[in-house]
Each structure stands twice: as structure tokens, then as C-alpha cells.
Amino acid sequence: MQLVCLNLLPRVYVEAAYVLKIRNTGIVNTNAIALLDLHRKATKTYTSPFYLVSDQSTMFWTLLSRSVLICGLVTSHSLTTPTVPTTISKEGPCRIYNSGRCADCLGRQLDRIPWRQFPSTLEKVDLSYNKLQAVYAEDFQNLPHLQVLQLQFNNLSHIDEDAFKHNPILESLNIFNNSLREIPASALISLMNLKKLDMSNNLYKRATLVEGFSKLVKLKVLSMGGPLVMGLKKGDFQPLKNIKLQGFAIKCTSNLSFYELGSLEVIQTQQMGFDMAIDQRPQALPLMLSDIANKTFTAIQFRNLFQFMYFSGKEDIFFNLRYVKAYQLIFHRGKFNENLLRMALMNIQEANIVKRLRLQYIDFARSPTFEDSGAGSSITNLKLDGLDLWSISNPDVLRFDWRFTWFNKVKQLSLQYVYFTSVPCDAWAEMGSVETLDVSNNRLQDSVLYNKRCDLTGSEPHVRIFNVSTNSLVSLKEMSYLTQEFKRLEVLDLSHNMLGSLEGSRDCVWKPNITRLIAHHNQFVSEALQCLPTTMQFLDLSNCGLGQLDMTFFDQTTQLTELLLSGNKIKFIPPHWRSAYLRSLTLDSNSFGVISVESFREMPLLSQLSAGNNPYHCTCELHAFIQQTQSQGKVTLTEWPENYKCYHPEPFLNTIIANYLPAHVACDIRLVVVISVAVTAAVLMILMLICYIFNIPWYAKATYQIVRAKYRAHKERAAGEGEVFVYHAFISYCHSDGDWVRDQLLPCLENNRDPYRLCIHERDFMPGKWIIDNIIDNIENSRKVIFVLSRHFVNSEWCNYELYFAQQRAMGKAFSDVILVVMEPIDPHSLPSKYCKLKKMLSTKTYLEWPQQPKHQPFFWAQLKSVLGKPSLTRGRAGSTRSRAASEGRVSMIEPPMEVDQQDHGVNKAELHGEEIETKELFLKPIPIAV
């Protein structure tokens, strides 16, 4: 059966339905309310699949919407005056809008019609919910274009005969719920173009129409009657016999006194509404059904059929129902017991002429005389396209005759606000023909809906649509197990529950045929998305509290074409979101402030994006996204531009993004780089030119040298104040220069009034200690290190070690504690590469050169003593007898036992083998030091 969506109905019909929702009663009031709710849901970014009707019922709903104003006129009301805007125009109390074609005077507490304020161009006037008492001839005489006039919910008791004389094209008149004591026929019969007339719920006692009503040949919707109409007579509606209506409704007193056979026989209408209680005269119902027998209706509604008591008679008062053809039969309000409901159902079952049955707001009670004989239910062949049980006071209505057999041939079953607390196993077995199952709004828990003890194998072979919204479900896992036997399930509505916790979202197993999942208004954690089916084409996760997106799940939903994520707390849209078939994406009302083209680059079919009402950071990236999206025209931004505003930075707060136009230079990275490079190059060239003209490099170099010299001096003073040493100087020399050291250097520095304490390896090295350790310790314990440089020094391996250790000691310090004494001229460039530091010192540091002429030697010793400083030490160790002997001119008794060659310090070759060889190998390789 082909399905047609309700959201295709014209807007004017939905507006008409809204009138009925305010009144909350009438012939097809509940249908109108449902129509309004469905339209509101359908006009969102998605269309819920549960609001679908067949082709045949589409005609019914269309006619219903056109005649929707009937329902209010049929019933009594207890609503208070609604709250409306109190804005008053300068000319009067009403709001004139739509270029002078409409006037809104609703709820202004008016006691007279402000006709002087009305422009002659008015086509629609709403004066409802006021305190008007009369309508006079001059009130609308200046409104020749008036088409719609609403006067409901006032206190009108009088309408002049000429009240509408000057309104020849008036099409809709609503005088519902006033105080008229008689039908204002003289004022109405001149309205030849009248199509809708609502004059129900007034105080007239008879519903008799005068012959003049036969002239209203264009009339389509008529609602009449009131709480004082005691009954109906055969000739009351005779003027309507040649008028084909779309909707007719009649209201009588709650205590019907009489009904004459044939009273409604002349009525020709597609929809019929009865609002009358037959508690005291139940035999009137067969007469009414007889009057409408052998006629075809799209809808028949009985309101408050039994208002005060349950029917206890045994006569089948619904017998004539089997002769009435109606697509939909509605019982709205009233008291039903099991016997009365059985009468209605048996006649519907017998004739098979009703396709849809609805019981709503029914006070249901079991019959005290019913006994279960075990023979089975009397209702086993009730073939219905749709059965709606809404707001039933007693859930026992489901187990009619203590059986569920009356469900077994129903295609669309809706159980709302019944609040049943269990689902017996046999209930599932009796719903084998159900294609649409709606159990929303019942406060159901998982344990109620899914009974693990039931064997559901093959129980629901035809269910395609399953609606469990607005309940108290918490476990996706149990829902997946419940639907395992729904072999044709395509649409699942889980909205308005408490699903999405991590505990209830593990090990889910879904049928692969689910294509639409509606789960908005739950509380999902990101990890719970892994428990959803992945075969969906439509997914609604709006208002689920999601803070981030689980891209692992979305990568698995390869068939997804429409995704709704509005109203969450998503703070980040991941880049490279891959969805090959996604066409519509809704991300409005979240928490992300940045959106870029990269996020949607891998959605080739995306054509609609809704991302408004987010706290956007107005940056170049956002501007680039908007520009590219609009220029390509591939993706349409819904609700653009009014819902896209800046949140950051503060100067642009609430600025519409369409008005955010940053400078081209600020957003073009390439241009910024080019300009930066060009400016930098120009500045450098200018600086170079200035330096060339004013010789700035020379001044800078000189300044640097001055600062560096002062820094060195400061560092030397700090080093001298903070340390004390055993020796004034460590003498590093090769064996070939030993005679000069012993004969010249030591006597000159040690044999005087203030002697210097010097360290030489021949005398002061500790016997039995490693040579390397002796070198390191004595260099560390010496304030200065004197290197006696000659060509033999360069060729000595041990001298190289001593020079290296002296460098390591001076690492991070100035080299002022190193004194170079050159015995013979040395070209720094001729030195081996391993003497890089020595090269640098010879090139940059002042050294002492030993003069060959004896007359210059005293000056040499003076310079050397000046460099060594005053011969005072504050720290010492146990004096060495060898040092003392040396100060007296004696030669050290420690002599090398065997000279290896002329380049070493007299160390025995045997000492360089065995255990010492490892240490020697450790220090043979010099560490490179930058020159």
C-alpha cells in the first residue's frame, strides 16, 4: 500500500487544526490535534515514519482539515482566555498586519467592536476571547472584502439582521461558545458565499433551521447545537437536503430527552459528529444509526456517548452500525464497559465496513457479569487497517474477553497512554498481522516490554515500524534482543527514553534490515554508539548529550544518507569525516566554534548542511569555509544567514557571519608570506647600506671585544676569589726540556724570599698511583698551568694529555690560568690537527717567549712572576720532602728507570702494559674542540 506523508498537507489545513487544539474537543478534534503534532514533526529536518496514512485515508485527512472548524462547535468548553500579546497600535486596541488585510483583536478584553480602527482592506478579523455582547449593523459595514470573521468565546446574545449585509464574500464565520438564545437566521441567510459556519455551544433550545438556509449552497462545514438542545426532530435539518457538506456536527444536552427517527436522514456529509449523552435514552442510538445507514462517511465520531453511567442493558444498540460505511470510527470520551465494547466490535467485525477504529479518553471497566468459559473470545475476525487505543483509564481493555485475539488481524496498532505494566507472551503471538506497532507514551521499562521467558520465535513476521518512544527504557541490548524476531523491521523509534549508558550498550545484536533509527532525546555516551545498528540510512541522535563523535561507529555506517545531531554538546568536528552516501547533515545548536572544508571533503553527495546556532569563532578559516561553500553551490546551508552568528572574538559578538568580511591580506597566507619576505629583504638591504656608509661593523666588533675583555676580567677575579690550591703552578714539559726546567725555572721561582710552590712530574707525582690520575689531580690542585712549548713538546704523547686535561679543567672558564712559555719559534699552522686548541691559543693569546740573550732574561722572569701572582696559598696538604729538597736545589731522587725515547717523561714501557694499558687507551684519543 502506497504511503503518503502528512507533512505534504497545505499549511492552511494545519492552521485550522490548531483551532481545534485550542478547543480540545469536537467532532474530529483528536484527529486535528494529531494532524498538528504530525505536521510540526514533519516540518523539521526529518519526517518521522510513524505519521503515515494510506491513500484512502489521505482523502479523509484532507476533508478533515477543510472541515476542521466543525469540531469546536459540537462541544462545550472550559478553557480560559488565552494569553496574547498586549501590543496596541496607535489607532486602537487591535494589531493591523499583512498590509492591512488582517486584524488581530484576540483577548483584548473588548466589550464593543472597534470598527473605527478597521481599514476597508481587511479580509480577516479575529475578535475571539473578548467580552463582546452584540454585533451591530455598523460594525462591519466598511469591510466589503471581509472573508474570515472569528467571534468565538465571547458573550454575544444579539446579532443585528443587517450585521453582515455589507460582507457579501464572507466565507468563514465562527460564533462558537456565545450566549445566543436563538439561531441568527436573518443575519446568516444573506451570506451566499458562506462555506464554514460554526454556531455550536450557544444557548438556543432548538436546532431547527429555517428554510432560508437552503440558499447557502456553498456551505461545506456546519456545526450547531448546544447544551440546551433537548432533542432532534425530523424536520430540523430539512433545508440542508440538497446541500452536500464535507462536515456536519450536532451537539445536544448531556441528558437527551427525545430523538425522532429521520432527523438526520436528510444530511449529506462526508464526516459526521455526535456530541450527545444517551445515558437516559440508549434506544436513541439505533435510531441515529438507522438515519445514517447505507451512507458512506470518511469519519464518524461519538463523543460522550455514555457520560455518567455504564450501559447495563442487553439489547444490541450498535446493531445498525453494520449498515453504516465509515472509513474511520471514533469513540471520544465516555464510559465503556466490556459488554458495550463487545457490541460495537461484533457489529464492526460482522459487516467489515470500518477500516480504522479509535478509542480515546475512554473510562473502561470490565463487565461484572462476564465469565470466561474457556471457549475463546468472541472477537477473532476484526479486520482493521488501524486500531488506536489512546488514554484508556484501564489497561484491561487490551485483554478484551481475557484474550488478545482482537489484535490478530490489525495492521496498524497504536497503544498510547494506556500504561500497561506487563506484556504476556500470548500477546506477541496474537499480533502476527501487525505492520506498525506503536506503544509510545506508556512509561514502559525494559523488563515489561521484553520478557526473557517468552519464546518470540516467529511472533512478529510483518512488523516494519516499531515505536517505543517516550517510555523509560535504558538498555539498547535488550531492545536489540526483543527485535530479533521482527524480520521485516525497517523503522525503529527509541526517542525520549533513557538509553545510551555504557552499561546497557554492550553486546547488541540487530537485524540487518533496520534502515531508519530515531533516538533523539536520550542520554548517549560516545562509546554507546557502538551498540547501534550500522545498516541505517536515517539516524536521528538529536538532543542526546553527545560531547564528541565516535568516528569508528560512523565509519561503519556506510549506507547513511541523513544524520541529525542537533542539540548536542559536540565541541569539535573531526577532519576527513568519511561518509560516501551522506546527503543531509544537521549539526545546529552544538558547542563547536570552528568548521572547515576539510571536515566534509570526503562527503561527495552532501547537499544540505544545518549548522546554525553554534558559538562560532569568526576567523579566516570560517570565512574561507563560507566563501567556498557558497561559491561552489554544492551544499546548501539551511537557515542561512540568520542562525549563523559570531561568538568570538568579543568585538564581533552576535555579528551575523555573512557580515564578517576580514581583509584579504589577513586571510591569504601566500600573500602574507610574500609581503613579509619582501619587507624583510628591504629592511636588510637598508641596514647593510647604512652599515657600509657609517662603517658600523668595525665599531660593533670593537665594542664586542671591549665587553668580552671586561667579562673575562670579571670571571678571572671571581675564579681567583673562590678557589684555593696546593701548587702555584703545574709545569708541563717534555723530557728534552727537562734541563731548562730544573736548571732555570725551578731555581728562579722556588729559591727566593717568597718562593712559589711548583709541581713537576719527576718530583711531585705520587708513587704507585696511575700516571693519568697523577696528571689530573695535580693539574686540579694547581692555580696555573705552565706549558713549556717546543717542537719536542708537540711530539710528546704525555704532553698532549696534560694539555688536554688543562683544557677540560678550563671548560666553561677563561684560559687565564694557562701560561704558555715558548722556547723556540713555532708556526701554529704547522701543528698537527689534534692541537686545535693550542693553535687557537697561540693565535689569540699572549704568550711568553724565552729570550736567548742573558740581558733580556730578568725581564722574562718578572713577566712570569707577574702572571703567576703573589706566592701565597691558603690551602695545602702535607708537605713533600721532595718539594722541600727541590727548593734547596737538590735533584729529585725519582728517576725513570729506563728511558724509552726522548719524547716521553721517562715512564717505563712495562708500566704501559698490563693493567695500565686500558687507561692509556682510554685517553689516547683527543676530544675535538672547536677552534
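Refer to the preceding data block for the structure.
Now for a quick tour of the structure. Predicted, not measured: the structure shown is a model, and the values here were computed from it.

### Examining the overall build of the protein chain
Move 1: Along the backbone of the protein chain there are 24 helices and 38 strands.
Move 2: For the protein chain, with 931 residues in total, the buried portion stands at 51%.
Move 3: For the protein chain, the share of sequence-separated contacts (at least 6 apart) that also reach a separation of at least 24 residues comes to 69%.
Move 4: Surface exposure of the protein chain reaches about 44200 Å², of which carbon and sulfur atoms provide 53%.

### Some thoughts on unusual backbone geometry
Move 1: With omega at 5°, the peptide bond leading from Trp640 into Pro641 counts as cis.
Move 2: With respect to the helices, strands and loops of the structure, Pro641 is situated in the loop between strand S32 (636-637) and strand S33 (646-648).
Move 3: Here His648 and Pro649 are connected by a cis peptide whose omega angle stands at -10°.

### A few points about the sheet that holds strand S35 (residues 758-759)
Move 1: One open sheet accounts for 5 strands, arranged S35-S34-S36-S37-S38; its pairing is parallel. Since the sheet does not close on itself, it has two edges, and those belong to S35 and strand S38 (848-849), each with one partner.
Move 2: Pairing geometry for strand S37 (residues 818-822) and S38, over 2 bridges, is parallel. For Val821, the partnering residue across the bridge sits in S38 and is Leu848.
Move 3: Its contacts with the sheet put helix H18 (residues 771-780) on strand S34 (727-732), S35 and strand S36 (782-789), and the angle it makes with S36 is roughly 120°.
Move 4: Helix H22 (residues 857-868) contacts S34, S36, S37 and S38 of the sheet and is inclined by roughly 145° relative to S36.

### Remarks on the state of the cysteines
Each disulfide consists of one covalent bond between the sulfur atoms belonging to two cysteines.
Move 1: Across all of its chains, the model carries 4 disulfides by this definition.
Move 2: A disulfide bridge connects Cys508 with Cys531, and the sulfur atoms are separated by 1.5 Å. Measuring handedness by torsion sign, the sulfur bridge of Cys508 and Cys531 sits at about 40° and is right-handed. With Cys508 in the loop between strand S25 (491-493) and strand S26 (516-518) and Cys531 in the loop between S26 and strand S27 (538-540), the pair connects residues that are 23 residues apart, well separated along the chain.
Move 3: With its sulfur 1.6 Å from that of its partner, Cys618 forms a disulfide with Cys646. Between Cys618 and Cys646, the S-S torsion sits near -85°, and that sign places the bridge as left-handed. A residue pair is termed long-range when its members are at least 10 positions apart, and Cys618 in the loop between strand S31 (616-617) and helix H12 (620-632) and Cys646 in strand S33 qualify at 28 residues. For the pair formed by Cys618 and Cys646, the shared burial category is buried.

### Looking at the nonpolar core
Move 1: Phe237 and Phe466 are the most contacted members of the largest nonpolar core, which totals 177 residues.
Move 2: A total of 6 residues in this core trace back to one element, the largest contributor, which is helix H7 (residues 338-351).
Move 3: Not counting residues within four places of it along the chain, the set of residues in contact with Phe237 comprises Ala207, Leu209, Met224, Leu232, Phe248, Ile250, Ser263, Leu264, Val266 and Ile267.
Move 4: Counting 31 residues, the second largest nonpolar core, distinct from the first, contains Tyr801, Leu820, Val822 and Leu842.

### Some details on empty space enclosed by the protein
Move 1: Tallied over the full model, the rule gives 4 cavities of 30 Å³ or more.
Move 2: Each pocket or cavity is described by its volume, and for the second largest cavity that value is around 50 Å³.
Move 3: What lines the second largest cavity is Ile595, Leu609, Ala611, Tyr616, Leu622, Phe625, Ile626, Leu637, Tyr644 and Ile657.
Move 4: With 3 residues, the top contributor of residues to the lining of the second largest cavity is H12.

### Some points on helix H14 (residues 669-694)
Move 1: Its 26 residues place the ends of H14 37 Å apart at the C-alpha level, agreeing with the 38 Å of an ideal helix rising 1.5 Å per residue.
Move 2: At the C-terminal side of H14, Asn695 shows a positive phi close to 50°.

### Re the pairing of S37
Move 1: Judged by how many residues are buried, S37 sits mostly within the fold: 5 of 5 residues are covered.
Move 2: Here S37 shows no split at all, with Val818, Leu820 and Val822 on one side and Ile819 and Val821 on the other all buried.
Move 3: Strand direction decides the pairing type here: S36 and S37, joined by 5 bridges, are parallel. Paired with Val785 across the two strands is Val818, which belongs to S37.

### Section: H22
Move 1: The first and last C-alpha atoms of H22 sit 17 Å apart over 12 residues, in line with the 16 Å expected at 1.5 Å per residue.
Move 2: Within H22, the full set of buried residues consists of Gln857, Phe860, Trp861, Leu864 and Leu868. Taken end-on, H22 shows its buried residues confined to a sector of 95°, consistent with a single buried face. Projecting away from the buried face of H22 at angles above 90 degrees are the exposed residues Pro858, Phe859 and Ser866.
Move 3: Downstream of H22 by one or two residues, Gly869 has phi in the positive range, about 85°.

### Some points on the packing of aromatic side chains
Move 1: Taken as a whole and judged by the stated rule, the model has 29 aromatic pairs.
Move 2: Each ring, one from Phe140 and one from Phe164, has its centre 6.4 Å from the other, and the planes form 20°; the classification is stacked. With Phe140 in the loop between strand S6 (134-135) and strand S7 (148-150) and Phe164 in the loop between strand S8 (158-159) and strand S9 (172-174), this pair connects stretches of sequence that are 24 residues apart. Each member of the pair, Phe140 as well as Phe164, is classed as buried.
Move 3: The ring centre of Tyr361 lies 4.9 Å from the NZ or CZ of Arg333, which sits over that ring.
Move 4: The side chain of Arg443 reaches across the aromatic face of Tyr419, ending 4.2 Å from its centre.

### Considering a positive patch on the surface
Move 1: A surface patch of like charges, here positive, comprises Lys195, Lys218, Lys220 and Lys244.
Move 2: Of note, Lys218 is situated in the loop between strand S10 (196-198) and strand S11 (221-225).
Move 3: Assessed through its relative accessible area of 39%, Lys218 is described here as partly exposed.

Analysis parameters
Residues numbered from 1 in each chain as written. Predicted model: local features only at pLDDT ≥ 70, side-chain atom pairs only at ≥ 80, totals over all residues. Heavy atoms only, no water. Helix = DSSP H or I, 4+ residues; strand = E, 2+ residues; numbered from the N terminus. Buried < 20%, exposed > 50% of the residue type's maximum accessible area, 1.4 Å probe, protein only. Contact = heavy atoms within 4.5 Å. Areas by Shrake-Rupley, 256 points an atom, 1.4 Å probe, with all protein chains shown as cover. Pairing = 2+ DSSP bridges. Axes fitted to C-alpha atoms, helices over the stretch in contact; angles between N-to-C directions. Disulfide = S-S within 2.5 Å. Core = buried A, V, L, I, M, F, W, Y, C linked by side-chain atoms within 4.5 Å. 1 Å grid on protein atoms, 1.4 Å probe; cavity = no way out; pocket = protein on both sides within 12 Å on 5 of 7 lines; lining within 4 Å. Points joined across faces, edges and corners; volume = space filled by probe spheres on them. Expected span 1.5 Å × (residues − 1). Arc of directions from axis to C-beta. Phe/Tyr/Trp six-rings, centres within 6.5 Å; stacked < 30°, edge-to-face > 60°. Lys NZ or Arg CZ within 6 Å of the ring centre and 35° of its normal. Patch = residues over 30% accessible without salt bridge, like charges linked within 9 Å, V, L, I, M, F, W, Y side chains within 5 Å. Salt bridge = Lys/Arg side-chain N within 4 Å of Asp/Glu carboxyl O. Lys, Arg positive; Asp, Glu negative; His and termini not counted. Charge placed at Lys NZ, Arg CZ, Asp CG, Glu CD.

Coordinates in, geometry out; function isn't part of it.
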